[in-house]
Amino acid sequence: MKKAILAGVIGCLFIGSATAKYLESEVAIGMASLMMCTTFYSETNMLVEGSVVGEAATQHRDAGIDKMMMTAQTSAELDRYIKLFNSSTKEQKFELCTEAMKFAKESNFGK
């Protein structure tokens, strides 16, 4: 699932040159949450919320997040987060997506 999310939507598993910057765990998890919540909100007909997190994901991609490399530790933390999200109840996903909305509002990646 992680590879499908990151490679398929923004390509965060891109292996670049030795000068590529490393993606911080918080940003990687925040970005994954934005993408998963975009889908979750769409499935629950919450189009406004889906639009907000989708726009934040696009802004991060446009700021160069897809050109960053991921450390093994960040990858492992991302795996844990994705498993947590996927095994969550609908109510828990709403809570996780509230955190994604907070990330979308507070993230200064690329600013």
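Use the structure listed above.
Residues numbered from 1 in each chain as written. Predicted model: local features only at pLDDT ≥ 70, side-chain atom pairs only at ≥ 80, totals over all residues. Heavy atoms only, no water.

Chemist: Can you explain the side chain of S25? Please cite residues and give values.
Modeler: Examined against the element boundaries, S25 turns out to sit in helix α2 (residues 25-43). Here E77 takes part through its side chain, which lies 2.9 Å from a polar atom of the side chain of S25. S25 has contacts with T74 and E77, leaving out every residue within four places of it along the chain. (Helix = DSSP H or I, 4+ residues; strand = E, 2+ residues; numbered from the N terminus. Polar contact = N/O pair within 3.5 Å; in protein donor to acceptor, adjacent residues only side chain to side chain. Contact = heavy atoms within 4.5 Å.)

Chemist: Help me get a handle on α2, residues and values and all.
Modeler: Between its first and last C-alpha atoms α2 spans 27 Å; for 19 residues at 1.5 Å apiece the expected length is 27 Å, and the two agree. Trailing α2 by a residue or two, N45 shows a phi angle of about 55°, which is positive. (Expected span 1.5 Å × (residues − 1).)

Chemist: Lay out helix α5 (residues 90-106) in plain terms, naming residues and giving numbers.
Modeler: Quick reminder: α-helices carry 3.6 residues per turn. Residues three or four places apart thus point the same way. Taking 1.5 Å of rise per residue, the 17 residues of α5 would be expected to cover 24 Å, and the 24 Å separating its terminal C-alpha atoms lies within 8% of that figure. Residues K93, L96, C97, A100, M101, F103 and A104 constitute the buried set of α5. End-on view of α5: buried residues confined to an arc of 155°, all on one side of the axis. Away from its buried face, by an angle of more than 90 degrees, α5 presents the exposed residues E91, E95, K105 and E106. Buried residues along α5 sit in contact with α2, α3 (47-62) and α4 (72-86). (Buried < 20%, exposed > 50% of the residue type's maximum accessible area, 1.4 Å probe, protein only. Arc of directions from axis to C-beta.)

Chemist: An account of the packing of α2 against α3 is needed here, citing residue identities and associated values.
Modeler: One way to put it is that α2 packs onto α3 with a least axis distance of 8 Å and a crossing angle of 145°. Helix-helix and strand crossings are classified by hand; for α2 and α3 the assignment is left-handed. Counting all contacts with α2, which are made through M31, L34, M35, C37, T38 and Y41, the residues of α3 involved are E49, G50, V53, G54, A56, A57, H60 and R61. Considering only residue class, the contact of α2 with α3 consists of eight nonpolar, four polar and two charged. (Axes fitted to C-alpha atoms, helices over the stretch in contact; angles between N-to-C directions. Left-handed = near helix turned anticlockwise from the far one by under 90°. Nonpolar A, V, L, I, M, F, W, Y, C, P; charged D, E, K, R; others polar.)

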